[in-house]
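Read off the chains here:
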Amino acid sequence: MEVTTRLTWNDENHLRKLLGNVSLSLLYKSSVHGGSIEDMVERCSRQGCTITMAYIDYNMIVAFMLGNYINLHESSTEPNDSLWFSLQKKNDTTEIETLLLNTAPKIIDEQLVCRLSKTDIFIICRDNKIYLDKMITRNLKLRFYGHRQYLECEVFRVEGIKDNLDDIKRIIKAREHRNRLLADIRDYRPYADLVSEIRILLVGPVGSGKSSFFNSVKSIFHGHVTGQAVVGSDITSITERYRIYSVKDGKNGKSLPFMLCDTMGLDGAEGAGLCMDDIPHILKGCMPDRYQDRIHCVAYVLDINSIDNLYSKMLAKVKQVHKEVLNCGIAYVALLTKVDDCSEVLQDNFLNMSRSMTSQSRVMNVHKMLGIPISNILMVGNYASDLELDPMKDILILSALRQMLRAADDFLEDLPLEETGAIERALQPCI
């Protein structure tokens, strides 16, 4: 007879998003395979990475993840980490909380016990009972502590990762850092409230990823991959006019205090692509029909794989734009798109980029071509053919956006006092 899990498709989907591209295979079900800890360990030993789930009720699951069940005996001295998480259904949504510990449960007196500093923090007891102390429940945001009856206990083999938690810990830490970046940007306000929103101009060759960057930013704040701005190919620009896009914090949320201004792609051919004569007017906010405000930061969007092959006419156009930007005193960054492996670009602490020899040489090329400080040369992998969000990708995109906002703040802070009043006047259409 086939053994089926209590885990719903929706809960399993949430776990996949949490843990990356993994699949779960049911190994043990207490109501079918026996309720003793020995029965559970016998079925689950030597199965690699596992998740043990206790179903507290129909709306709450408490679980922990181990590298291997083989080290659960009390006599084992091998160090073992564990990842703990809870899934709780609230108002038609599922909330997940996580906790990483440098300890793991052991079999003690026919119970599965997890100790931290000689204190029992978790026990799977006999007779379908579970014990959680206040530290666990506080971190997992559970509504109870102490002993509680559970409905079922299940163990799953986690397929698609190594037999340790190193990859999972990196993913969890990446999600935590991603959430901090999201919170920073949600709380952002332009310097001294001189403007209501920051205007970021995206400029670059046809197919470099300008529209894709906007779509990627919107996807992160909406929680799923989306594509409002239609994306062209490497040889054809879909954006045929200047467009200003706002980003809402969720589908029905408030607009965030920045705008991404998408231009037609630069083209090396004479008379093709973005008109160079329009650049000063765009920067100063003096163009009719959507050219309604000055620009506070310019992002030169360049395909990281094509930088070494920029032909002379295209490079001349980029430099011409940069000359106008410098004349206007506007902040600027370079955004290198189409990074293949975002996880390799990020250092372990996710705070800085770990530049490979290849990416470092391309960063230096941009630095030499345009004179942009290396700290303002950013790398991202936009969402193009992806179906699900990736925390590593999100970190690069959000870090780039935050750096653009900081650059714009520097621009506002450096304005002479007599010019700050002109910012409000610049909101009016030019005559």
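None of these values were measured; they are calculated from a predicted model.

Q: What is the right way to read the nonpolar core from this model?
A: Counting 82 residues, the largest nonpolar core has Ile-200, Phe-221, Phe-258 and Val-298 as its most contacted members. In terms of residue count, the dominant contributor to this core is helix 11 (residues 391-413) (13 residues). If we skip the residues at most four places from it in the chain, Ile-200 touches Met-259, Leu-260, Cys-261, Cys-297, Ala-299, Leu-401, Met-404 and Leu-405. With 32 residues, the next largest nonpolar core counts Ile-37, Ala-104, Phe-122 and Tyr-150 among its residues.

Q: Whenever I open this one, the packing of helix 6 (residues 210-222) against helix 11 confuses me. Can you help?
A: The axes of two packed helices give the description: the angle between them and the distance between them. Where helix 6 meets helix 11, the closest approach of the two axes is 10 Å, and the angle between their N-to-C directions is 110°. As judged from the angle between their axes, helix 6 and helix 11 are roughly perpendicular. Contact residues: helix 6 offers Phe-213, Ser-216, Val-217, Ile-220 and Phe-221, while helix 11 offers Asp-394, Ile-397, Leu-398, Leu-401 and Met-404.

Q: What should I look at first to understand the side chain of Glu-197 in this one?
A: Relative to the helices and strands, Glu-197 resides in the loop between helix 5 (166-186) and strand 12 (198-203). A polar atom in the side chain of Glu-197 sits 3.0 Å from the side chain of Ser-196. At a separation of 3.3 Å, a polar atom in the side chain of Glu-197 contacts the side chain of Arg-199. Sequence-distant contacts of Glu-197, that is, excluding residues within four places in its chain, are made with Pro-190, Pro-257, Phe-258, Met-259, Asp-293 and His-296.

Q: Even after reading the chapter, I still don't get the packing of aromatic side chains, so can you show me in this structure?
A: In this description, an aromatic ring pair is defined by two values, namely the gap between the centres and the angle between the planes. Across all of its chains, the model carries five aromatic pairs by this definition. Pairing Phe-64 with Trp-84 gives two aromatic rings, centres 5.0 Å apart and planes at 40°, and the pair type is tilted. Of this pair, Phe-64 sits in strand 3 (residues 60-66) while Trp-84 is found in strand 4 (residues 82-90), placing the two residues 20 residues apart along the sequence. Take Phe-64 and Trp-84: they sit in the same class, and that class is buried. Aromatic rings pair up to connect Phe-64, Trp-84 and Phe-122 into one cluster.

Q: Teacher, can you tell me more about the sheet that holds strand 12 here?
A: Remark on secondary structure: sheet strands pair via backbone hydrogen bonds, oriented parallel or antiparallel. If you trace the six strands from one edge of the open sheet to the other, you get 13-14-12-15-16-17, paired in mixed fashion. The outermost strands of the open sheet, each flanked by one partner alone, are strand 13 (243-248) and strand 17 (377-379). Sheet twist, expressed as the average angle between the axes of neighbouring strands with direction ignored, equals 30°.

Q: What is the right way to read the confidence of the model for the chain from this model?
A: Interpreting fine coordinate detail is not advised for predicted regions of low pLDDT. Mean pLDDT for the chain: 85, with 86% of residues reaching 70 or above. Confidence drops under pLDDT 50 across residues 233-239; counting only partners more than four residues distant or on other chains, this segment forms 18 contacts. In this model, residues 288-292 is a region of pLDDT below 50 whose contacts with residues beyond four sequence positions or in other chains number 14 contacts.

Q: What's the story with the pairing of strand 2 (residues 50-57) in this structure? I'm lost.
A: Within a regular strand, side chains alternate between the sheet's two faces. Among the eight residues of strand 2, seven are classified as buried, and the element is accordingly described as predominantly covered. Where strand 2 meets strand 3, seven bridges bridge the pair, whose relative direction is antiparallel. Counted as the bridge partner of Thr-50 is Leu-66 from strand 3. Hairpin connection from strand 2 to strand 3: two residues lie between these consecutive antiparallel strands. The sheet contact formed by strand 2 and strand 11 (residues 152-159) spans six bridges and is antiparallel. From the neighbouring strand, Thr-50 faces strand 11, where its bridge partner is Arg-157.

Q: Any chance you could explain the sheet that holds strand 6 (residues 106-108) here in plain terms?
A: Strand order in the open sheet formed by five strands is 6-7-8-9-10, with antiparallel pairing between adjacent strands. Since the sheet does not close on itself, it has two edges, and those belong to strand 6 and strand 10 (146-149), each with one partner. The average undirected angle you get between the axes of adjacent strands in this sheet is 35°. On the sheet, helix 3 (residues 37-44) packs against strand 6, strand 7 (111-116) and strand 8 (119-124) and is oriented at approximately 85° with respect to strand 7.

Q: So what exactly am I meant to see when it comes to the pairing of strand 7 here?
A: In terms of strand pairing, strand 6 meets strand 7 through three bridges, oriented antiparallel. Within strand 7, the position partnered with Ile-108 by the bridge is Gln-111. Hairpin geometry of strand 6 and strand 7 is characterised by an intervening segment of two residues between the two adjacent antiparallel strands and by a positive phi of about 55° at Asp-109. Judged from the five bridges that link them, strand 7 and strand 8 form a sheet pairing that is antiparallel. Bridging across to strand 8, Leu-116 finds its partner in Thr-119. What sits between the antiparallel neighbours strand 7 and strand 8 is a turn of two residues, in which Ser-117 has the positive phi angle 55°.

Q: Explain the environment of Leu-274 to me, please; I cannot follow it from the model alone.
A: Residue placement: Leu-274 occurs in the loop between strand 14 (255-262) and helix 7 (279-284). Between the C-alpha atoms of Leu-274 and Val-206, which are 68 residues apart in sequence, the distance is 9.5 Å. In contact with Leu-274, not counting residues within four places along its chain, are Thr-263, Met-264, Gly-265, Leu-266, Ile-279 and Ile-282.

What counts and how
Residues numbered from 1 in each chain as written. Predicted model: local features only at pLDDT ≥ 70, side-chain atom pairs only at ≥ 80, totals over all residues. Heavy atoms only, no water. Core = buried A, V, L, I, M, F, W, Y, C linked by side-chain atoms within 4.5 Å. Buried < 20%, exposed > 50% of the residue type's maximum accessible area, 1.4 Å probe, protein only. Helix = DSSP H or I, 4+ residues; strand = E, 2+ residues; numbered from the N terminus. Contact = heavy atoms within 4.5 Å. Axes fitted to C-alpha atoms, helices over the stretch in contact; angles between N-to-C directions. Parallel < 35°, antiparallel > 145°, perpendicular 65-115°, else oblique. Polar contact = N/O pair within 3.5 Å; in protein donor to acceptor, adjacent residues only side chain to side chain. Phe/Tyr/Trp six-rings, centres within 6.5 Å; stacked < 30°, edge-to-face > 60°. Pairing = 2+ DSSP bridges. pLDDT = per-residue confidence, 0-100.

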